[in-house]
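Residue strings, one per chain:
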Amino acid sequence: CTQEYAASKLGKGLLSAIHVMEFDAGISRAKKAHLDSLICLKKFWHSVHSSRKKGGMHTVLDSCVALLAALDAHITTADREYSSLLEKYPKSLTLLHCFARFQDTVLNNHKFAEEYEYMAAALELDEASAANDDEEKAKQISEKQARLENMMENSGTTADDSNSTRSKHQRIFSSWAPFILGKETA
């Protein structure tokens, strides 16, 4: 059962213990850099927000510059680790989902994230189709097909950009930003 679980993380055909260990080490490094990037982003925005209350701009700017440098290092590490793993294990569902989250949450590249989520969904559908041996599996395949079609319909890559959910939220935020943040920061 453990070997089957490891195979599901790597994609079909890669079952050696070395591959499993290499994948686990690589995904751990990538996830750590991903998390460190998110922590740096949080600290950066907290520092910016608190600067409005504290005043000491010189100290805040030094802090922000240091956080941005750390963020850049973590992003570079995460991107390098994810890219290396994607070259070796392009059919790993775990990896595709993690990389899509990294693209979305850290790099704010939602179109690229949607592409990787779409690839993962298509891969799940292919795997479910290959294992189609009973009625329950057929039901799972139809659910996954419906989810994939839903992703295609709701994707910013298939609809024009002015109708995507993110675009709508951005327009709403932009219209309210001067009232919330003040005219000088919006």
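Before going into details, it helps to say that this report is about the structure given with it. (Residues numbered from 1 in each chain as written. Predicted model: local features only at pLDDT ≥ 70, side-chain atom pairs only at ≥ 80, totals over all residues. Heavy atoms only, no water.)

Notes on the overall build of the chain
The number of helices and strands found in the chain is seven helices and zero strands. Relative to its full complement of 186 residues, the chain shows a buried share of 30%. In the chain, the proportion of contacts linking residues at least 24 apart, taken out of those at least 6 apart, comes to 59%. For the chain, the exposed surface amounts to about 12200 Å²; the carbon and sulfur share of it is 58%. (Helix = DSSP H or I, 4+ residues; strand = E, 2+ residues; numbered from the N terminus. Buried < 20%, exposed > 50% of the residue type's maximum accessible area, 1.4 Å probe, protein only. Contact = heavy atoms within 4.5 Å. Areas by Shrake-Rupley, 256 points an atom, 1.4 Å probe, with all protein chains shown as cover.)

Digging into the environment of T77
The topology assignment puts T77 in helix α3 (residues 57-88). Distance from T77 to S37, taken between C-alpha atoms, is 9.6 Å for residues 40 residues apart in sequence.

A few points about a nonpolar patch on the surface
Where nonpolar side chains cluster on the molecular surface, the patch consists of L35, L38 and I39 and spans about 230 Å² of accessible area. In this structure, I39 sits in helix α2 (residues 17-54). (Patch = residues over 30% accessible without salt bridge, like charges linked within 9 Å, V, L, I, M, F, W, Y side chains within 5 Å. Salt bridge = Lys/Arg side-chain N within 4 Å of Asp/Glu carboxyl O.)

With respect to the pattern of salt bridges
Scanning all chains against the criterion turns up three salt bridges. Salt-bridge contacts for R29 lead to E81; the nearest nitrogen and oxygen are separated by 3.1 Å. You can see R29 sitting in helix α2 and its partner E81 sitting in helix α3, a full 52 residues away along the chain. Here R29 falls in the partly exposed class, since its relative accessible area comes to 45%. Between K32 and D36 there is a salt bridge, with the nearest N and O atoms lying 2.8 Å from each other. In this pair, K32 and D36 both sit in helix α2, four residues apart, roughly one turn of the helix. When its relative accessible area of 52% is taken as the criterion, K32 is described as exposed.

A closer look at the environment of L67
For L67, the position within the fold is in helix α3. Between the C-alpha atom of L67 and that of S47, which follows or precedes it by 20 residues, the distance is 9.3 Å. Beyond its immediate stretch of four places on either side in the chain, L67 contacts C40, K43, F44 and S47.

Section: the packing of aromatic side chains
Under the definition given, this model contains eight aromatic pairs. Residues F44 and W45 carry aromatic rings whose centres are separated by 5.0 Å and whose planes lie at 80° to one another, so their mutual orientation is edge-to-face. Note on F99 and F112: the rings are 6.0 Å apart at their centroids and 75° apart in plane angle, and the pair reads as edge-to-face. Of the two residues, F99 sits in helix α4 (residues 93-105) while F112 sits in helix α5 (residues 110-130), which places them 13 residues apart along the sequence. Looking at F112, the relative accessible area reads 28%, which means it is partly exposed. (Phe/Tyr/Trp six-rings, centres within 6.5 Å; stacked < 30°, edge-to-face > 60°.)

A short note on the side chain of E81
On the basis of relative accessibility, which here comes to 11%, the residue E81 falls in the buried class. Among all residues touching E81, those that are not within four sequence positions of it are G26, R29 and A30.

Thoughts on the side chain of S37
Turning to its location among the elements, S37 is positioned in helix α2. Taking the relative accessible area as the measure of exposure, S37 reaches 0% and is therefore buried. Polar side-chain contacts of S37 include one of 2.9 Å to the backbone oxygen of A33. In this structure, S37 is in contact with L71, H74, I75 and V106, ignoring residues within four places of it in sequence. (Polar contact = N/O pair within 3.5 Å; in protein donor to acceptor, adjacent residues only side chain to side chain.)

Some thoughts on unusual backbone geometry
At N108, a position not held by glycine, the phi torsion is positive, near 55°. If you trace the backbone, N108 turns up in the loop between α4 and α5.

Focus: α4
Across its 13 residues, α4 extends 18 Å between first and last C-alpha, which sits within 8% of the 18 Å expected from 1.5 Å per residue. Those residues of α4 that sit buried are L93, L95, L96, C98, F99, A100, F102 and Q103. (Expected span 1.5 Å × (residues − 1).)

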